[in-house]
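For reference, the chains in residue letters:
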Amino acid sequence: MIFFAPHFSSSNLFPKVIQFGDHPITPAPVVRNLGVTLDQKLSFNQHVSSICRTCYLELGRIRSVRHLLSENATKTLICAFVLSRLDYCNALLSRCPNNLLNRLQKMLNNAARLIFQCSRNTHVTPILWSLHWLPVKKRIQCKLSVLFFKSFDSSAPDYLSD
């Protein structure tokens, strides 16, 4: 169970240690559940940092073998190892501040440039259009729209309907 008490954590109203049988449980400033890193303020700073760190690591690995790969193979690798991480639980980021979403957008832009082996100065919008990739904000809106549509259309899983 995850319990957030940001308003009480600094006061004496919230206990510093909770006893669960013989086991003391101390509050943690950050928890990870289903691959999503959550803090007390639900700012998603650490979650976005984790996504960026992992994706840039994967982009570096792909970049090291890019000269051996075709454009299609590179696109497939980036979709599998980078975009899948970017899109996982991204609906949670719908109310995030622009500075966090911009970090994810920069990572997406770098992935697109790697596919076509473009320089940093190359304008990325035509590249994204040719790949049929939406910008990060639009990806999040699309995910939410699909979830809402499926929940109203009764094609969603049971936990999303009713």
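Refer to the preceding data block for the structure.
Treat the numbers as computed from the prediction; the structure is a model and nothing was measured. (Residues numbered from 1 in each chain as written. Predicted model: local features only at pLDDT ≥ 70, side-chain atom pairs only at ≥ 80, totals over all residues. Heavy atoms only, no water.)

1. A closer look at unusual backbone geometry
Basically, it comes down to this: Helix numbers and strand numbers start at the N terminus; a helix is a DSSP run of H or I with at least 4 residues, a strand a run of E with at least 2. When accessible area is computed with a 1.4 Å probe and restricted to protein chains, residues below 20% of their type maximum are described as buried, those above 50% as exposed, and intermediate ones as partly exposed.
Notably, Leu42 is not glycine yet its phi reads approximately 50°, a positive angle. Tracing the chain through its elements places Leu42 in the loop between β4 (36–39) and α1 (45–65). Judged by relative accessible area, Leu42 falls into the partly exposed class, the value being 42%. Residue Phe44 is not a glycine yet carries a positive backbone phi of 65°. With respect to the helices and strands, Phe44 occurs in the loop between β4 and α1.

2. Quick notes on the pairing of strand β3 (residues 30–33)
Here is the rule: Following DSSP output, two strands are said to pair if at least two bridges run between them.
Pairing analysis gives 4 bridges linking β3 to β4, with the strands arranged antiparallel. Bridge pairing in β4 links Val31 to Leu38. Count of turn residues in the β3/β4 antiparallel hairpin: 2 residues, of which Leu34 carries a positive phi of about 55°.

3. Some remarks on a nonpolar patch on the surface
Put simply, the rule reads: Candidates for patches are residues over 30% relative accessible area with no salt bridge; among them, like charges are joined within 9 Å and nonpolar side chains (Val, Leu, Ile, Met, Phe, Trp, Tyr) within 5 Å. For every accessible area listed, the method is Shrake-Rupley and the probe measures 1.4 Å; residues are considered covered only by the protein chains on display. For this document, the term salt bridge refers to a Lys or Arg side-chain nitrogen within 4 Å of an Asp or Glu carboxyl oxygen.
On the surface, a cluster of nonpolar side chains totalling about 310 Å² of accessible area is made up of Ile18, Phe20 and Ile25. The residue Ile18 is located in strand β1 (residues 18–20) in this model.

4. Digging into the environment of Thr74
Where we set the bar: Note on definitions: a residue-residue contact is assigned when non-hydrogen atoms from the two residues lie within 4.5 Å. In the analysis that follows, any N or O atom pair within 3.5 Å is treated as a polar contact, provided that within protein one partner can donate a hydrogen and the other can accept it, and provided that, for residues neighboring in sequence, both atoms belong to side chains.
With respect to the element layout, Thr74 can be found in helix α2 (residues 71–87). Along the backbone, Thr74 and Arg63 are 11 residues apart, and their C-alpha atoms lie at a distance of 9.0 Å. Discounting residues that sit within four places of it in the chain, Thr74 has contacts with Ile62, Arg66, Leu69, Leu114 and Ile115. At 3.3 Å, the side chain of Thr74 and the side chain of Arg66 are in polar contact.

5. Side note on the environment of Leu144
With respect to the secondary-structure elements, Leu144 resides in helix α5 (residues 136–153). Between the alpha carbons of Leu144 and Asn90 there is a distance of 9.0 Å; along the sequence they are 54 residues apart. Excluding anything up to four places from it in sequence, Leu144 contacts Ala91 and Ser94.

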